[in-house]
Amino acid sequence: MPKILVTGGCGYIGAHTIVDLVENGYEVISVDNNSRSHPGILAGVERITGKKVKNYKVDLCNFDDTFAIFQENADIDGIIHFAAYKAVGESVDKPLIYFENNLGSLINLLKCVQEFSIPNFVFSSSCTVYGNPDVIPVTETTVTKPAESPYGATKQMGEEIIRDFARSSGTKAILLRYFNPVGAHSSNVIGEMPIGRPQNLVPAITQTAIGKIPKMVVYGDDYDTRDGSCIRDFIHVSDIAHAHTLAIQYVEKAEGKLNHSVFNLGTGNGVTVLEAIKSFEKVSGVKLNYEIGPRRQGDVIAIYANNDLAVNELGWKTKYGLDEMMATAWEWEKRLKADAAIFGAPPPELN
Ligand SMILES: NC(=O)c1ccc[n+]([C@@H]2O[C@H](COP(=O)([O-])OP(=O)(O)OC[C@H]3O[C@@H](n4cnc5c(N)ncnc54)[C@H](O)[C@@H]3O)[C@@H](O)[C@H]2O)c1
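Note that the coordinates shown come from a computational prediction; the quantities given were computed from them, not determined experimentally. (Residues numbered from 1 in each chain as written. Predicted model: local features only at pLDDT ≥ 70, side-chain atom pairs only at ≥ 80, totals over all residues. Heavy atoms only, no water.)

## A look at the confidence of the model for the protein chain
Move 1: On average, residues of the protein chain score 94 in pLDDT, and 96% of them reach the 70 mark or higher.
Move 2: Taken as a whole, residues 346-351 scores under 50 in pLDDT and shows 19 contacts with residues more than four places along the chain or in a different chain. (pLDDT = per-residue confidence, 0-100. Contact = heavy atoms within 4.5 Å.)

## Section: the site of the ligand
Move 1: If you check the shell around the ligand, you find 28 residues, and the closest are Asp 32, Ser 37, Phe 82, Lys 86 and Tyr 151.
Move 2: Between an oxygen atom of the ligand and a side-chain N or O atom of Ser 37, the distance comes to 2.7 Å.
Move 3: Take Leu 60: an N or O atom from its main chain is 3.0 Å from a nitrogen atom of the ligand.
Move 4: Its free accessible area being 830 Å², the ligand has 95% of it covered by the protein chains. (Near = heavy atom within 4 Å. Polar contact = N/O pair within 3.5 Å; in protein donor to acceptor, adjacent residues only side chain to side chain. Areas by Shrake-Rupley, 256 points an atom, 1.4 Å probe, with all protein chains shown as cover.)

## Overview of helix α6 (residues 150-168)
Note that an α-helix has 3.6 residues per turn; residues three or four places apart therefore point the same way.
Move 1: For α6, built from 19 residues, the straight-helix expectation of 27 Å at 1.5 Å per residue is met to within 8% by its first-to-last C-alpha distance of 27 Å.
Move 2: Residues of α6 that are buried sit in contact with α4 (88-93), α5 (95-115), β5 (120-126), β6 (172-178) and β11 (260-265). (Helix = DSSP H or I, 4+ residues; strand = E, 2+ residues; numbered from the N terminus. Expected span 1.5 Å × (residues − 1).)

## Overview of the environment of Leu 106
Move 1: Following the sequence through the fold, Leu 106 ends up in helix α5.
Move 2: Considered as a pair, Leu 106 and Cys 61 are 45 residues apart in the sequence and their alpha carbons are 8.1 Å apart.
Move 3: Those residues in contact with Leu 106 that sit more than four places away from it in its chain are His 81, Phe 121, Phe 123, Gly 158, Ile 161 and Ile 162.

## Description of the packing of aromatic side chains
Move 1: The final tally for this structure, using the stated rule, is 7 aromatic pairs.
Move 2: Residues Tyr 250 and Phe 263 carry aromatic rings whose centres are separated by 5.6 Å and whose planes lie at 90 degrees to one another, so their mutual orientation is edge-to-face. Of the two residues, Tyr 250 sits in helix α8 (residues 237-254) while Phe 263 sits in strand β11, which places them 13 residues apart along the sequence.
Move 3: Look at Phe 263 and you get buried, because its relative accessible area is 2%.
Move 4: Of the aromatic side chains, those joined through ring pairs into one cluster are Phe 63, Phe 67, Phe 70 and Phe 116.
Move 5: Between Arg 295 and the ring centre of Tyr 223, over which it is positioned, the NZ or CZ distance is 4.0 Å. (Phe/Tyr/Trp six-rings, centres within 6.5 Å; stacked < 30°, edge-to-face > 60°. Buried < 20%, exposed > 50% of the residue type's maximum accessible area, 1.4 Å probe, protein only. Lys NZ or Arg CZ within 6 Å of the ring centre and 35° of its normal.)

## Some remarks on the packing of α5 against α6
Move 1: Between α5 and α6, the shortest axis-to-axis distance is 9 Å and the interhelical angle comes to 20 degrees. On the basis of the axis angle, α5 is roughly parallel to α6. Where α5 crosses over α6, the handedness of that crossing is right-handed. Taking contact as the criterion, the partners of Pro 95, Tyr 98, Phe 99, Asn 102, Leu 103, Leu 106, Ile 107, Leu 110, Val 113 and Gln 114 in α5 are, on α6, Pro 150, Tyr 151, Ala 153, Thr 154, Met 157, Gly 158, Ile 161, Ile 162 and Phe 165.
Move 2: A class-by-class count of the residues in the contact of α5 with α6 yields 15 nonpolar, 4 polar and no charged. (Axes fitted to C-alpha atoms, helices over the stretch in contact; angles between N-to-C directions. Parallel < 35°, antiparallel > 145°, perpendicular 65-115°, else oblique. Left-handed = near helix turned anticlockwise from the far one by under 90°. Nonpolar A, V, L, I, M, F, W, Y, C, P; charged D, E, K, R; others polar.)

## Here's the deal with the side chain of Thr 49
Move 1: Relative to the elements of secondary structure, Thr 49 occurs in helix α2 (residues 41-49).
Move 2: Side-chain polar atoms of Thr 49 contact the backbone nitrogen of Lys 51, separated by 3.1 Å.
Move 3: Ignoring sequence-local partners within four residues, the contact set of Thr 49 consists of Val 19 and Val 22.

Okay, here's the thing in structure tokens:
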């Protein structure tokens, strides 16, 4: 059973990916310091898969603690590196903690990859690396523009660091550029658990609908798009998760032919923020309380993916449409409310 180290395994995409890896026959260990997550989410993973996943509560910015995990697990076949801070707006306000955490953790991890000759490495990148593109949809060869935020810059720099590392080492690397992951696992046992006020659209929608947020703000309706709001490519988190299993299988088979590859992970459909809200209102039956506010610094105007490469090379096929993304997100938000005693702050253990 190949053994995969998942960093950020208690996070939103990491937990969904662990489920997919375990269901596809991988043994998984996680490293997550729970700076941005609830440790109990792994109990949900266990409930879905029937397998216990060990988490090392370690800050990847601490080299010695990170190194010790590799000493204890000499048989790691691959790494999927999710751990990072991800809030665009926060990164504009606090750029240094983004550079320190996102790049410091990556470099420490790559030093361990080198020391322990780990053959395969998959990195969570983002469509933010494209900045504000001139032409959409973007392909993997679309020229990247200056990042719109320090967060986006950490992903651009992270990609560069990994490219140089892969060229100079025997490790094969895959850079996965996610568009906008949303929704929750179909079991409704795991989903997104934003810490503090959500900065992403869909948790902001569901938290407003449930009454946690009194009124939601749509950041700008004067963009040059079909209804004036920003365009995004929403993609179900379980579709994103499965792409990681396929990426690991792809590098396992690549046998020296590859040092690094890049794949866009989006549906290929551009959806405006206001269209996403309409889809949510339709599937939930809830009229959303929102107002139009000013544009938000760091937001790109319009972006969606050309995903041909992931479809053709990885054999990836997305399963979920926009309405299902919204429906699973809504079911999950209702579960968080119903089980507030389990999911409320401080970060709890699921049972
Ligand atoms: N969710 C999105 O919209 C989105 C879009 C594009 C790319 N990404 C990238 O995907 C990855 C996963 O995103 P997510 O939505 O699951 O985020 P998340 O915040 O839910 O999960 C990230 C996890 O990493 C952990 N972590 C952060 N820094 C750490 C450190 N120094 N040491 C150990 N653990 C640490 C956090 O505690 C958290 O559990 C991130 O790299 C993010 O930048 C996310």
